[in-house]
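# Structure assessment
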Amino acid sequence: ALVEEEQAVALVEAGADEVEESAFCCFSGASKGDVCGSCYSNALAVRGTLYHNTTYCTQSNSTCSTCGGTWCTGSVPSKSEALVEEEQAVALVEAGADEVEESAFCCFSGAS
């Protein structure tokens, strides 16, 4: 996911003015009513980039939908303040990982 985010940032920094170049597949957003506008920066794959070792999900609206995502055009979202806080919380938990059961984990999304 970090590679896809870095590729997305590179597109934005390169001045990708064309909507097609800024197309991305969003797999999770803060708002179900505006998935594209609230897409988490670690839950997207920019058109043509690898997602789970393939570019299938990042080819078009239909392939993105098949993969469970929402096809979006426009600006690729940047890291939100909430995501930064979440990453800091994860780092704190990982720092005290020996206090957490080895078999415990949190799954935010899964295939059905």
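Everything quoted here is computed from the prediction, not taken from an experiment.

Looking only at helices and strands, the chain features 3 helices and 3 strands. When burial is assessed residue by residue, the chain has 27% of its 112 residues classed as buried. Partitioning the intrachain contacts of the chain with sequence separation of at least 6 by distance along the chain shows that 53% fall at a separation of at least 24. As displayed, the chain has an accessible area near 7,600 Å², and 52% of this comes from carbon and sulfur atoms.

The biggest cluster of nonpolar side chains holds 8 residues, and these are Phe24, Cys26, Val35, Cys39, Leu44, Val46, Cys72 and Val76. For this core, the secondary structure elements donating two or more residues are β1 (24-26) and β2 (44-46). Ranked by size, the runner-up nonpolar core spans 7 residues in total, among them Ala23, Ala45, Cys57 and Cys64.

Taking strand neighbours across the sheet as the criterion, the 3 strands line up as β2-β1-β3 in an open arrangement whose pairing is antiparallel. Edge positions in the sheet fall to β2 and β3 (70-72), since each of these pairs with one other strand and no more. The sheet shows a mean angle of 25 degrees between the axes of neighbouring strands, taken without regard to direction.

Tracing the backbone shows threonine 63 in helix α2 (residues 61-66). By relative accessible area, which is 7% here, threonine 63 ends up buried. For threonine 63, the residues in contact, after removing those within four places along its chain, are Tyr56, Cys57 and Thr58. There is a polar contact of 3.0 Å between the side chain of threonine 63 and the backbone nitrogen of serine 60.

This paragraph deals with the confidence of the model for the chain. With 51% of its residues at a pLDDT of 70 or more, the chain has an overall mean of 73. Least confident of the elements in the chain is helix α1 (residues 2-13), whose mean pLDDT is 52; most confident is β3, at 96. Of the regions scoring below 50 in pLDDT, residues 11-20 engages in 9 contacts with residues more than four places distant in sequence or in other chains.

Here we come to the state of the cysteines. Applying the stated criterion to the full structure yields 4 disulfides. Through a disulfide, cysteine 25 is tied to cysteine 64; the S-S separation comes to 1.9 Å. Sign of the S-S torsion, about 85 degrees for the bond between cysteine 25 and cysteine 64, identifies this disulfide as right-handed. Of this pair, cysteine 25 sits in strand β1 while cysteine 64 sits in helix α2; the two residues are 39 residues apart in sequence, bridging distant segments of the chain. For the pair cysteine 25 and cysteine 64, a shared accessibility class is recorded, and that class is buried. The side chain of cysteine 36 participates in a disulfide bridge whose partner is cysteine 72; the two sulfur atoms lie 1.9 Å from each other. Taking the torsion about the S-S bond as the criterion, the cysteine 36 to cysteine 72 disulfide, at about -85 degrees, is left-handed. With cysteine 36 in the loop between β1 and β2 and cysteine 72 in strand β3, this pair connects stretches of sequence that are 36 residues apart. Since its relative accessible area comes to 26%, cysteine 36 is described here as partly exposed. Take cysteine 72: its relative accessible area is 1%, and that puts it in the buried class. If one numbers only the bonded cysteines of the chain, in the order they occur, the disulfide pattern is 1-6, 2-4, 3-8, 5-7.

What counts, and at which threshold
- Residues numbered from 1 in each chain as written.
- Predicted model: local features only at pLDDT ≥ 70, side-chain atom pairs only at ≥ 80, totals over all residues.
- Heavy atoms only, no water.
- Helix = DSSP H or I, 4+ residues; strand = E, 2+ residues; numbered from the N terminus.
- Buried < 20%, exposed > 50% of the residue type's maximum accessible area, 1.4 Å probe, protein only.
- Contact = heavy atoms within 4.5 Å.
- Areas by Shrake-Rupley, 256 points an atom, 1.4 Å probe, with all protein chains shown as cover.
- Core = buried A, V, L, I, M, F, W, Y, C linked by side-chain atoms within 4.5 Å.
- Pairing = 2+ DSSP bridges.
- Axes fitted to C-alpha atoms, helices over the stretch in contact; angles between N-to-C directions.
- Polar contact = N/O pair within 3.5 Å; in protein donor to acceptor, adjacent residues only side chain to side chain.
- pLDDT = per-residue confidence, 0-100.
- Disulfide = S-S within 2.5 Å.

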